[in-house]
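Structural overview
One letter stands for each residue in the lines below.
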Amino acid sequence: MTSATWIKELPVAHRGYHDMNNQIWENTLSAFERAAAAGFAIECDLQLSADSEVMVFHDDTLDRLCGISGDVRERTAAELGMLSIGGTKDRIPTLKQMLALVNGRVPLVIEIKGRTAELDDGFVEAVLDVLEGYKGKVALMSFDHHILRDLKRVEAPYPLGLTAMGDKPDDFFKHDDAIHLGLDFISYHWPHLPNTFITAQQKAGIPIITWTVRDEMAREHTYKHADQMTFEGFDPRETSSR
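Residues numbered from 1 in each chain as written. Predicted model: local features only at pLDDT ≥ 70, side-chain atom pairs only at ≥ 80, totals over all residues. Heavy atoms only, no water.

To continue, consider helix α6 (residues 145–153). Of the positions making up α6, those classed as buried are H146, I147, L148, D150 and L151. Remark: E155 follows α6 within two positions and exhibits a positive phi of approximately 55°. (Buried < 20%, exposed > 50% of the residue type's maximum accessible area, 1.4 Å probe, protein only. Helix = DSSP H or I, 4+ residues; strand = E, 2+ residues; numbered from the N terminus.)

Listed below in structure tokens is the structure:
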């Protein structure tokens, strides 16, 4: 296992420090620059282009963010890089572009958005190729257990985390399968805390962060039951201190 204690140090800006997609949109270079300038850690999402370039984008499809139909994976990196996000000047960035912009100023908590084991063949290797040589703090996480297994298989040199939710025994049983891979942290849906699964991981010393905190109630709940939050829609510096 790799130490992930640093993940507790800073609030994590969800998809960058955007303004709820009014003028500064999620997962854009503008949102990442705003987060780095404010001193927040950055959460972002990765997808693959048709030509296997690692892109920073949340959805599987382009509809919500770009206003056109189609799967992200059906377009090349060059094609994706020309698409406006939310009608702004920002285009869909590559992971390379994001890393060059942030340049180690703040930690990165990166979620890999998988599909199936077959469709994701080579995905984690592509991510690690881009990350090689990057000097800043990086953690990798996923909802998808096959992505986590692939990261362990190739011995990814970064803290690895499970992104998860759920408050039922069946949920915990599934999460246990991932934890047995030997993960370093967990990002959990805050309304589903506390629960027996997370309490057991906390006793084992695994850092817990939450998603996605949007108000003071959720913030207080996080710091009562977890170590740090992934937030959006407000400035944590303007709320009551921990």
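Another point: the pattern of salt bridges. Pairs can form between side chains of opposite charge whenever their charged atoms are close. One pass over the structure, following the stated rule, counts 17 salt bridges. The shortest N-O distance in the salt bridge between E125 and R153 comes to 3.2 Å. Taken together, the residues E125 in helix α5 (residues 123–131) and R153 in helix α6 connect sequence positions 28 residues apart. Among the salt bridges present, the one from E216 reaches R219, with a minimum N-O distance of 3.8 Å. Remark: R219 and E216 occur in helix α9 (residues 216–225); sequence separation between them is 3 residues, near one turn of the helix. Linked by salt bridges that have partners in common, R15, E26, D45, D59 and R64 make up one network. (Salt bridge = Lys/Arg side-chain N within 4 Å of Asp/Glu carboxyl O.)

Under the definition given, this model contains 7 aromatic pairs. Measuring from centroid to centroid gives 5.9 Å for Y17 and F231, while their planes differ by 65°, and the two rings are edge-to-face. Of this pair, Y17 sits in the loop between β1 (12–13) and α1 (29–38) while F231 is found in strand β9 (residues 228–231), placing the two residues 214 residues apart along the sequence. Judged by its relative accessible area of 1%, F231 falls in the buried class. Look at F172 and F197: their rings are 6.1 Å apart centre to centre, the planes differ by 10°, and that puts the pair in the stacked class. One end of the pair, F172, is in helix α7 (residues 169–179); the other, F197, is in helix α8 (residues 196–203), and 25 residues separate them in sequence. (Phe/Tyr/Trp six-rings, centres within 6.5 Å; stacked < 30°, edge-to-face > 60°.)

This part covers the nonpolar core. Ranked by internal contacts, the top residues of the largest apolar core, which has 58 residues, are L95 and L140. The element that contributes the greatest number of residues to this core is α5, accounting for 7 residues. Those residues in contact with L95 that lie beyond four places of it in its chain are L46, V54, M55, V56, I110, V127, V130 and L131. Counting 12 residues, the second largest nonpolar core, distinct from the first, contains W25, M55, V72 and I92. (Core = buried A, V, L, I, M, F, W, Y, C linked by side-chain atoms within 4.5 Å. Contact = heavy atoms within 4.5 Å.)

The next thing to look at is α9. Among the residues of α9, those classed as buried are A218, R219, T222, Y223 and H225. Elements that come into contact with the buried residues of α9 comprise α8, β8 (208–213) and β9. With a side-chain oxygen positioned 3.3 Å from the backbone nitrogen of M217, the residue opening α9 is D215. (Polar contact = N/O pair within 3.5 Å; in protein donor to acceptor, adjacent residues only side chain to side chain.)

Attention now goes to the pairing of strand β5 (residues 138–142). Among the 5 residues of β5, 5 are classified as buried, and the element is accordingly described as predominantly covered. Of the two faces of β5, the one lined by V138, L140 and S142 and the one lined by A139 and M141 are each fully buried. Across 4 bridges, the pairing between strand β4 (residues 108–112) and β5 is parallel. Bridge assignment links V109 to a residue of β5, and that residue is A139. Between the parallel pair β4 and β5, the chain is carried across by α5, and the sense of this crossover is right-handed. Handedness of the crossover joining β5 and strand β6 (residues 160–164) through α6 is recorded here as right-handed. (Pairing = 2+ DSSP bridges. Right-handed = clockwise from strand over helix to strand, strands pointing away.)

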